[in-house]
Amino acid sequence: MMHSREIKPVRKAVFPVAGLGTRFLPATKAIPKEMLPIVDRPLIQYAVDEAREAGIEQLIFVTGRGKTAIVEHFDTAFELEATMEGRGKSLDVLEPTRIKPGNLVTVRQQVPMGLGHAIWCARAVIGNEPFAIFLPDELMIGKKGCMKQMVEAYHKTGGNLISVLEVPREEVSSYGVIAPGKSEGDLTEVTGLVEKPKVEAAPSNLIISGRYILQPEVMTVLETQGKGAGGEIQLTDAMAQMIGHQPFHAVTFEGKRYDCGSKVGFVEATLALALQREDMGAEVREMARKLLGEYAPA
């Protein structure tokens, strides 16, 4: 364990949002996939809300061409607000989209060279501070946000943390997987990391699930790292090099994860969150029952 005085607070978060979203074409031809809504809130908004709950102050979006709508979403929409005020409508619904001036930074990832490269593009903004990473495709919903749970664990352990989930062993080859050490409560020591292992070679069925807290030294590792799986610069490979040099733990998220990078996961998230809403849950439940009856297998 690191002494609490040595643990710097996590104030910055990186959101890699440069992906093309080809799995959702043609919807994502002109709209960033991160702007696709789950009910009435875009995916990126859920990630930003989670970051704020965890005490994150500065948001760093690693973007690409055609992604300006993400930044526009968090800007002041003067015409919209003036029109709403003129009609006597409340602006409360826009409150989550407000960010203090200077608290949102964007950097460009000009070439699609993988997650590790996207994170490295934010090095100048990160400087010498620990930082969080959010993959907005992974929607994490719980009584306590995933990053808040991780930050609380970080204040005990220091070092590096990743969120993990347990999956059926036959699914591990689609993910980064941890080799587990000692375990206590929701914390598991990480002794190794493998990106997309073969099922028979996987060290566990605990997969990395889209939330990280990393020390700035990872940028130095990424600086000289070669290409890994898929011909891309893999963040998992860089993190693996830090094991043994700094504390490294996994936090098992207490809530639910929806893989909104897949169409089925996106529909599941939309349905699940709609069912939880007080303003529409009962109607959606009734609608789902009706649809299941209409489209029941013959």
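Report follows, based on the coordinates. Residue positions are given per chain, counted from 1 along the sequence in the order it is written. Residues qualify for local features only when their pLDDT is at least 70, as the model is predicted, and side-chain atom pairs are given and counted only at 80 or more; totals for whole chains, interfaces and linings, by contrast, use all residues. The basis for the side-chain values is all heavy atoms of the structure; hydrogens and waters are excluded.

1. Observations regarding the overall build of the chain
Phase 1: The numbering of helices and of strands both runs from the N terminus, where a helix is a DSSP run of H or I of at least 4 residues and a strand a run of E of at least 2. In terms of regular secondary structure, the chain is built from 10 helices and 13 strands.
Phase 2: Relative to the globule expectation of 19 Å for 298 residues, the C-alpha radius of gyration of the chain, 20 Å, shows essentially globular dimensions.
Phase 3: Any pair of residues with heavy atoms lying within 4.5 Å of one another is described as a contacting pair. Put simply, of all contacts in the chain between residues at least 6 apart along the chain, 75% involve residues at least 24 apart.
Phase 4: Only the protein chains shown count as cover for residues, with accessible areas throughout obtained via the Shrake-Rupley method and a probe of 1.4 Å. Of the roughly 15,700 Å² of accessible surface on the chain, 53% is carried by carbon and sulfur atoms.
Phase 5: Each charge class in the chain was averaged separately, 34 positive and 38 negative side chains, and the resulting centres sit 3 Å apart. Here the globule rule is a power law, 2.2 Å times the number of residues to the power 0.38, and the radius of gyration is based on C-alpha atoms. In this tally, Asp and Glu contribute negative charge and Lys and Arg positive charge; neither His nor the terminal groups of the chain are included. To locate a charge, take NZ of a lysine, CZ of an arginine, CG of an aspartate or CD of a glutamate.

2. Side note on the packing of helix 7 (residues 217-224) against helix 8 (residues 235-242)
Phase 1: For helices, the fitted line uses only the C-alpha atoms of the stretch in contact; every axis is such a line through C-alpha atoms, and the angle between N-to-C directions lies from 0 to 180 degrees. Look at helix 7 against helix 8: their axes get within 9 Å of each other, and the N-to-C directions meet at 120°. Relative to helix 8, helix 7 is oriented oblique. Crossing hand, helix 7 versus helix 8: right-handed. Where helix 7 approaches helix 8, its residues Glu217, Val218, Val221 and Leu222 are matched on the opposing element by Leu235, Ala238, Gln241 and Met242.
Phase 2: Of the residues that constitute the contact of helix 7 with helix 8, the class distribution is 6 nonpolar, 1 polar and 1 charged. An angle below 35 degrees is read as roughly parallel, one above 145 as roughly antiparallel, one from 65 to 115 as roughly perpendicular, and any other as oblique. By convention, the crossing between two helices is left-handed when the near helix turns anticlockwise from the far helix through less than a right angle, and right-handed when the turn is clockwise. Each residue gets one of three labels, nonpolar for Ala, Val, Leu, Ile, Met, Phe, Trp, Tyr, Cys and Pro, charged for Asp, Glu, Lys and Arg, and polar for the others, Gly among them.

3. Thoughts on the nonpolar core
Phase 1: Ranked by internal contacts, the top residues of the largest apolar core, which has 38 residues, are Phe15, Ile44 and Phe61.
Phase 2: Counting residues per element, the ones that place at least two in this core are strand 1 (12-16), helix 1 (43-53), strand 4 (58-63), strand 6 (131-134), helix 6 (146-157), strand 8 (160-166) and strand 11 (206-214).
Phase 3: Ranked by residues supplied to this core, first place goes to helix 6 with 6 residues.
Phase 4: Those residues within four positions of Phe61 in sequence are excluded, and the remaining contacts are Phe15, Val17, Ile44, Val48, Ile70, Phe74, Leu104, Val105, Thr106 and Val107.
Phase 5: Among the buried residues, those of types Ala, Val, Leu, Ile, Met, Phe, Trp, Tyr and Cys that are joined through side-chain atoms within 4.5 Å form a nonpolar core. Burial classification: accessible surface area is computed with a 1.4 Å probe over protein chains only, and a residue below 20% of its type maximum counts as buried, one above 50% as exposed, and the rest as partly exposed. Formed by 35 residues, the second largest nonpolar core is a distinct cluster that contains Ile126, Val164, Leu214 and Ile233.

4. Things to note about the state of the cysteines
Phase 1: Here, a disulfide means two cysteine sulfur atoms that sit within 2.5 Å of each other. Enumeration according to the criterion identifies 0 disulfides in this entry.
Phase 2: Here Cys146 stays free of any disulfide, with the sulfur of Cys260 as its closest cysteine sulfur at 14 Å.
Phase 3: You can call Cys260 buried: its relative accessible area is 2%.

5. Description of the pattern of salt bridges
Side chains carrying opposite charge are able to pair once their charged atoms draw close together.
Phase 1: A side-chain nitrogen of Lys or Arg and a carboxyl oxygen of Asp or Glu constitute a salt bridge if their distance falls within 4 Å. Under the counting rule described, the total for this entry stands at 16 salt bridges.
Phase 2: Close ionic contact of Glu81 with Arg98 constitutes a salt bridge, the shortest N to O distance being 3.1 Å. Placement of Glu81 in helix 3 (residues 78-86) and of Arg98 in the loop between helix 3 and strand 5 (104-108) is noted, with a sequence separation of 17 residues between them.
Phase 3: On the basis of relative accessibility, which here comes to 12%, the residue Glu81 falls in the buried class.
Phase 4: The exposure class of Arg98 is partly exposed, given its relative accessible area of 28%.
Phase 5: Of the charged contacts in the structure, one is a salt bridge between Lys256 and Glu268, with a shortest N-O distance of 3.8 Å. You can see Lys256 sitting in strand 13 (residues 256-259) and its partner Glu268 sitting in helix 9 (residues 263-276), a full 12 residues away along the chain.
Phase 6: A residue is classified by how much of its surface remains accessible, and Lys256, at 41% relative accessible area, is partly exposed.
Phase 7: Accessibility expressed as a relative area gives 37% for Glu268, which makes it partly exposed.
Phase 8: Each of Arg11, Lys12, Glu57 and Glu129 takes part in salt bridges that share partners, so that together they form one network.

6. Here we look at the environment of Met35
Phase 1: As for its placement among the helices and strands, Met35 is situated in the loop between strand 1 and strand 2 (37-38).
Phase 2: The exposure class of Met35 is buried, given its relative accessible area of 18%.
Phase 3: In sequence terms Met35 and Ala202 are 167 residues apart; their C-alpha atoms lie 34 Å from each other.
Phase 4: Filtering out sequence-adjacent residues up to four positions away, Met35 remains in contact with Pro42, Ile44, Ala69, Ile70 and His73.

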